[in-house]
Amino acid sequence: VTAAYPSAAGLQEFLRHILYLKPSTWVVVDELEADASSRFELYFHADFPFEPAGPGRLEVHGASGALELTALAPADVTAEPFLQTLIGTDGAEEGTLPALKVSRQADNARTLFLSVMQAYPTGSSSPVAPSLLEDAGGQILVLEGSGGPRRYRLDPDRSDRSAPVLVEVTDSPDGGDGQDAGPDAGDDPGPDGAQDGGM
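Residues numbered from 1 in each chain as written. Predicted model: local features only at pLDDT ≥ 70, side-chain atom pairs only at ≥ 80, totals over all residues. Heavy atoms only, no water.

The omega angle of the peptide bond from Lys22 to Pro23 is 5°, so this bond is cis rather than trans. Following the sequence through the fold, Pro23 ends up in the loop between strand S1 (11–21) and strand S2 (25–38). Pro74 follows Ala73 through a cis peptide bond whose omega is 5°. One can find Pro74 in the loop between strand S6 (65–73) and strand S7 (77–87). (Helix = DSSP H or I, 4+ residues; strand = E, 2+ residues; numbered from the N terminus.)

Below you can see the structure in the form of structure tokens.
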């Protein structure tokens, strides 16, 4: 997404990764780097207001459908709902739109945002409980659902920037090696029909 920003912003890299897990969960990872310490902000928009639902969790409720957004990274991430003023091409104000600003408290030259979004019927609850854990190898995203947990290792320091930033950890007895370097011959392709090794 880097080329969409003017050179004056000093943005060196903006990579957005989206992992879709059927039927209704999306993991969004944004990797950003600037030429100097900067304040990075992400904006999400909806047709209805974002409402706080717990630490790092916000919900949007429509007449028949709802969405939960969980901001998991960085550690000092903040999520602030507000009404954004819309400005037309002529510079005039054209009303407001419910929005959510996701940012971090400290300025940095490089950062990674990780957000999990889930859609579900209004009146029910989100199908997956997301969390971000630390281990000796770094950070692991855990998505706990009715079919058991799925785990994805974050690899922000990979040498190949075009490679997936999330790689599924396979430690089941299906022939996988338990490592995070990609799919193995015995790996289960998973419920979405895609191989476990990336996005």
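Resuming the write-up.
Moving on, we come to the side chain of Arg158. With respect to the secondary-structure elements, Arg158 resides in the loop between strand S12 (148–154) and strand S13 (166–168). A distance of 3.0 Å separates a polar side-chain atom of Arg158 from the backbone oxygen of Asp155. Of the polar contacts made by the side chain of Arg158, one reaches the backbone oxygen of Ala163; its length is 2.8 Å. Beyond its immediate sequence surroundings of up to four residues, Arg158 is in contact with Leu15, His17, Glu31, Ala163, Pro164 and Val165. (Polar contact = N/O pair within 3.5 Å; in protein donor to acceptor, adjacent residues only side chain to side chain. Contact = heavy atoms within 4.5 Å.)

Relative to S2, S1 runs antiparallel, the two being bridged by 10 bridges. Bridge pairing in S2 places Phe14 opposite Leu32. From the end of S1 to the start of S2, which pair antiparallel, there are three residues. The pairing of S2 with strand S9 (residues 108–121) spans 10 bridges and is antiparallel. Paired with Glu31 across the two strands is Leu112, which belongs to S9. (Pairing = 2+ DSSP bridges.)

Pairing analysis gives five bridges linking strand S3 (residues 41–45) to strand S8 (residues 93–104), with the strands arranged antiparallel. Bridge assignment links His45 to a residue of S8, and that residue is Ala99. As paired strands, S7 and S8 are joined by 10 bridges and run antiparallel to one another. Among the inter-strand pairings, Leu83 is bridged to a residue of S8, identified as Pro98. If you look at the hairpin formed by S7 and S8, you'll find five residues sitting between the two strands, and Gly91 has a positive phi there, around 90°.

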